[in-house]
Amino acid sequence: MRIAEWSPVLGGLGVFVTLRRKTLVIIGTTLVGLLLAFFVLTRLTLLRRFSDFETQITRQQVQRTSTALQSEIDQLSTIVHDDSVWDKAYEFVQHLNRRFLASNFPTAILTELRISLVIYLNSSDQAVYERLAGHPLDPRIQRELEQKILQPGVLIGRPGAERTVSGIMVLPDGPMMVAASPILKSSGEGPPRGTLIMGRRLDANEIHRLSLLTRLDLQVHGVDDPQLPPDFQKIQSSLSRLTPIATQTLDEKSIAGYELINGIDGQPALILGIRVPRRIYAEGKNAETYLMAAALVVGVVFSMVTLFLLERLVLSRLIGLGKNVAAIGARGDLSARVVTEGNDELSRLSTVINRMLADLERTEQERGRDEERYRAYIRQSTEGIWRCELQEPLSLSLPEAEQMDHLYRTVVIDECNEALARLRGFGSAEQLRGVAVRELFHVSEPKNLELVRNFLRSGYRILDGESLEKDEHGHHRYFLNNVTGVVEKGFLVRIWGTQREVTEQRRLEAQLRQAQKMEAIGRLAGGIAHDFNNLLSVIHGYSEILLRRFSPEHPARKELERVLHATERAAALTQQLLAFGRKQVLSPRVLDLSMVVGEMDRMLPSLIREDIELVIRSQPDLWLVRADPMQMEQVIMNLAVNACDAMPTGGRLSLETKNLQLDHTAARQDASLVPGPYVMLAVSDTGIGMDAETRAKIFEPFFTTKEIGKGTGLGLATVYGIVQQSGGHISVFSEPGRGSTFEIYLPRAEGKLEPAFEPLLVEPAPKGSGTVLLVEDDSAVRRLAWEVLHEQGYNVLSAGCGEEALQLVTSHSGKIDLLVSDVIMPGMAGDELVEHLRLRLPGLKVVFVSGYASDAIPKIVTDGQTSFLQKPFPVQDLVRKVHEMLTG
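Residues numbered from 1 in each chain as written. Predicted model: local features only at pLDDT ≥ 70, side-chain atom pairs only at ≥ 80, totals over all residues. Heavy atoms only, no water.

1. Structural notes on the sheet that holds strand S24 (residues 818-822)
For clarity, the cut-off: For two strands to count as paired, DSSP must find a minimum of two bridges between them. Helix and strand labels come from DSSP, where a helix needs a run of H or I of at least four residues and a strand needs a run of E of at least two; each type is numbered from the N terminus. Axis definition: a line fitted to C-alpha atoms, over the contacting stretch in the case of helices. Angles run 0 to 180 degrees between N-to-C directions.
The five strands are arranged S23-S22-S24-S25-S26 in an open sheet whose pairing can be described as parallel. Pairing within the sheet leaves two strands with one partner each, and these edge strands are strand S23 (795-799) and strand S26 (866-870). Taking each pair of neighbouring strands and ignoring which way they run, the sheet shows an average axis angle of 20°. As defined by bridge partners, strand S25 (residues 845-850) adjoins S26 across five bridges and the pair is classed as parallel.

Following this line, the structure appears as structure tokens:
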């Protein structure tokens, strides 16, 4: 176990592991480890070397023993050779002479020479003399000897029989050293007359003699000896022709060496073994003991010196440094510094610690500033910021329905800012902590249920998800949420999020959509009114012409008057459509709105019922506005009539004007209402009021709550169009049973006050002269205007479009006095046509006619050479306008 692993154990036992103790343990462990390593090293190297050397010496001893045995065999071979190269022996094998045997082979000589066997063979390899010392030469022994010794190819009948051979032969009664030599003359000449064979038994005496000679404990056993000792049996499998010598350790005190001895026939015959005391290995063990003792002494001395030097030079300083750092940590004073001594690694460590303390101090200061900025951001954020904890972690493997139920039961608010508390109607963020989310977030609302489902299906993350709640009055409140779940090990454990209210934004978006819808409807109404005005102009014009042709007594005159009256009513309807679509022609001027309201003070009493009280309040020094006074009268009249219809049992109708300076807060109620000075006109009643659905539709054309036949549904649409075209804004405030208030905001105007009403002088249409260029894309209107002007004495050139008019001017050689042109035409518009013509006809006078006024009309009617006539127009107005332009 390592020191780091021992520390908790020692600490659990109440032992405080100091640095000194750790150092002592480390040095002791290192010393023990080194000693163990040294012991293993000596075992693997020194003792192994001794063991190898011991084995090598043993093998040498085995070889020395085998050499001694071979010397004995060689000695026997010399004796045989000397006795075979002898004239007497040469004669003996030819002529058997017993005296030769008695004189040369007495028992004493054989005993002295340790000869156990003597055999003389003649030239036919027949034994002429056999003697086996110590045994009677009975027939059985004789046969066994002959079978073993006299077998062909071993000692006799072998190739190269003229030389002496020797070796070991295992006989039935034991191994024997044998030698055979051919019998020759003393001069060594032949031919051989036979063979001399001698043998010496390798018995216990001979082995003992070899042991004394070699001073070794020698044993010799035949390879097929059934009484082979166990150690011989164990080593026998390791001996072969290739490895004839082997060794093995018998015990701690002895080692044995073995050699396989081949017989004279070349086959394994004997195993020679010696036992040698393990003196070399014992010396090695003694050397190992001495070395280990010396290493222990050196290690202890070295450890003590090292520990002393470490204590003096390192540990005391390091412990002191640790105490200083611990004291600084206990005080928490990051501005403190440790003492630096010397110029070594510990002093550098002190410097590094001081630098770390400085960095920590700076980091702590920055973290404090960051935390303060974070807290300030959280506190001052206008968005609600919150963190919810799950009382029980939610397993992500649960089905969706179970996850939703788990969230509904276990999610509580753990932390939030003051903005969320204010948003939710709490006095402080502390009051919200611990509140279950189910008390604030109701999944019974489909939008909220879908938000939770999206949170689960999107991997527990929602961006700008919208939720819906109701306040104490039942009004809808819309919230935009960003929610992120924290997942740990397959469980949802907490949820972070932000929330901000977008109720006002949704209301403004609804207003914008309403305004866009009204704009689209206005464009449609204006287009329809424009085309209808062309038809009305034709009907009205020809009705006037026919009416002048019939006398008052003519029966058709009354029908024509009815047609003319219906045409005028239709023209009034188109004017309302144009007013709603902001396409009618206004005559704005700088006026005092209180003067218009004052005029209505004289007109309204005759229009409202007696059970309705009229109250008019006007602020003194009212700012000036720029508007068409006649259209403003129509606005007040329409609002007053609607207010009277909303008070069937009587009530109070109020008109109020005052100056208002709108700031950004008020302007946020409507995107089109920019901050600035305004004059407000408020028309209020105490009638039945309207609900939200009705308020959303009241400015739409043809929408009415009146009975069929009692209203066209264009009154408020006309009011809306006139106010918008005048650059103002209209708002309505109404609830069922609490009446209604319409507030009209007109921007303050600069300049001098202009007369609100001018007298209208009506004169008969005069005759005229001159050339008039008539350009109108509607053929019926163009034909009517041509007839009317031609009847009044004008020379009329007519064209259906701008390009045709330019070609007509090019081909006409006379003077053109006046251009009467429609404003909106396909291809080239009226103002563009005027630009082209005035390049050729400078100073050309122009009368523009149109069914509605677009943004381009105020730009083209800029001087005394240009005027405008609204469709549908009486034919007399056209004649009068042409005459005014030509004579003006």
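2. What to know about the nonpolar core
The condition is simple: We call a set of buried Ala, Val, Leu, Ile, Met, Phe, Trp, Tyr and Cys residues a nonpolar core when their side-chain atoms join them within 4.5 Å. To sort residues, take the accessible area from a 1.4 Å probe on protein chains only and compare it with the maximum for the residue type: under 20% means buried, over 50% means exposed, and anything in between is partly exposed. Contacts were defined at the residue level, with two residues in contact if any of their heavy atoms lie within 4.5 Å.
Judged by nonpolar contacts, the single largest core of 40 residues is most densely connected at Phe92, Phe105, Val118, Tyr120, Met198, Leu202 and Leu272. At seven residues, helix H3 (residues 46-84) tops the list of elements feeding residues into this core. In contact with Phe92, not counting residues within four places along its chain, are Asn97, Phe100, Leu101, Tyr120, Val128 and Tyr129. Counting residues in each nonpolar core, the second largest holds 37 residues, with Met632, Met647, Leu655 and Val679 among its members.

3. Brief notes about the sheet that holds strand S3 (residues 165-171)
Taking strand neighbours across the sheet as the criterion, the five strands line up as S2-S1-S5-S4-S3 in an open arrangement whose pairing is antiparallel. Of all the strands in the sheet, the pair left with one neighbour each is strand S2 (127-132) and S3. Within this sheet the neighbouring strands show an average axis-to-axis angle of 20°, counted without direction.

4. Structural notes on helix H25 (residues 830-840)
The following threshold applies: Throughout, the arc means that of the directions going from the helix axis to the C-beta atoms.
When we look at burial in H25, the residues that qualify are Gly830, Leu833, Val834 and Leu837. Projected down its long axis, H25 shows its buried positions confined to an angular sector of 100°, all on one face. Among the exposed residues of H25, those pointing more than 90 degrees away from its buried face are Glu835 and Leu839. Close packing links the buried residues of H25 with strand S22 (771-775), helix H24 (802-811), S24 and S25.

5. Considerations on the packing of helix H23 (residues 779-791) against helix H27 (residues 875-887)
The criterion, for reference: In these notes the angle categories are as follows: under 35 degrees is roughly parallel, over 145 is roughly antiparallel, 65 to 115 is roughly perpendicular, and the rest is oblique. Crossings are classed by handedness, with left-handed meaning an anticlockwise turn of the near helix from the far one by less than a right angle and right-handed meaning a clockwise turn. Nonpolar residues are Ala, Val, Leu, Ile, Met, Phe, Trp, Tyr, Cys and Pro. Charged residues are Asp, Glu, Lys and Arg, and all others, Gly as well, are polar.
Put simply, H23 and H27 touch, their axes get as near as 10 Å, and they point 60° apart. When the axes of H23 and H27 are compared, the pair comes out oblique. Between H23 and H27 lies a crossing whose hand is right-handed. Taking contact as the criterion, the partners of Leu784, Ala785, Val788 and Leu789 in H23 are, on H27, Val875, Leu878, Val879 and Val882. Taken together, the residues of the contact of H23 with H27 sort by class into eight nonpolar, no polar and no charged.

6. Let's talk about the environment of Ile378
Relative to the helices and strands, Ile378 is located in helix H11 (residues 345-380). C-alpha of Ile378 to C-alpha of Cys416: the two residues are 38 residues apart in sequence and 8.6 Å apart in space. If we skip the residues at most four places from it in the chain, Ile378 touches Ile385 and Asn417.

7. A closer look at unusual backbone geometry
Glycine aside, a negative phi is what most residues show, and trans is what most peptide bonds show. Positive phi, close to 55°, is recorded for Arg114, a residue that is not glycine. The topology assignment puts Arg114 in the loop between helix H6 (107-112) and strand S1 (117-122). Unusually for a residue other than glycine, Asp621 sits at a positive phi of about 55°. Topologically, Asp621 is positioned in the loop between strand S16 (612-618) and strand S17 (624-627). Among the residues examined, Asp621 registers a relative accessible area of 71% and is labelled exposed.

8. Side note on the side chain of Glu743
The line we're drawing: Only four residue types enter the charge count, namely Lys and Arg as positive and Asp and Glu as negative; His and the chain termini do not. Salt bridge, as applied in this entry: a Lys or Arg side-chain nitrogen positioned within 4 Å of an Asp or Glu carboxyl oxygen. Polar contacts, as counted here, are pairs of nitrogen or oxygen atoms within 3.5 Å of one another; within protein the pair requires one atom able to donate a hydrogen and one able to accept it, and residues that are adjacent in sequence qualify only if both atoms are side-chain atoms.
In this structure, Glu743 sits in strand S21 (residues 740-747). Although buried, Glu743 forms no salt bridge, and the nearest oppositely charged side chain, Lys658, lies 6.7 Å from it. In this structure the side chain of Glu743 is engaged in a polar contact, spanning 2.5 Å, whose partner is the side chain of Tyr745.

9. Let's talk about the packing of aromatic side chains
Applied cut-off: In this analysis, rings of Phe, Tyr and Trp, with Trp reduced to its six-membered ring, are considered paired at centre separations within 6.5 Å, and the interplanar angle assigns stacked below 30 degrees, edge-to-face beyond 60, and tilted for intermediate values. Whether a charge sits over a ring depends on NZ of Lys or CZ of Arg being within 6 Å of the ring centre and within 35 degrees of the ring normal.
Going through the model one piece at a time under the given rule, you end up with eight aromatic pairs. Aromatic pair Phe100 and Tyr120: ring centres 6.3 Å apart, planes at 75°, arrangement edge-to-face. In this pair, Phe100 sits in helix H5 (residues 98-104) while Tyr120 sits in strand S1, placing the two residues 20 residues apart along the sequence. As far as burial versus exposure is concerned, Phe100 and Tyr120 are alike and both buried. Ring-pair connections join several aromatic residues into one group, and the members of that group are Trp86, Phe92, Phe100, Tyr120 and Tyr129. Positioned above the aromatic ring of Tyr281 is the side chain of Arg278, whose terminal nitrogen or guanidinium carbon lies 4.0 Å from the ring centre.

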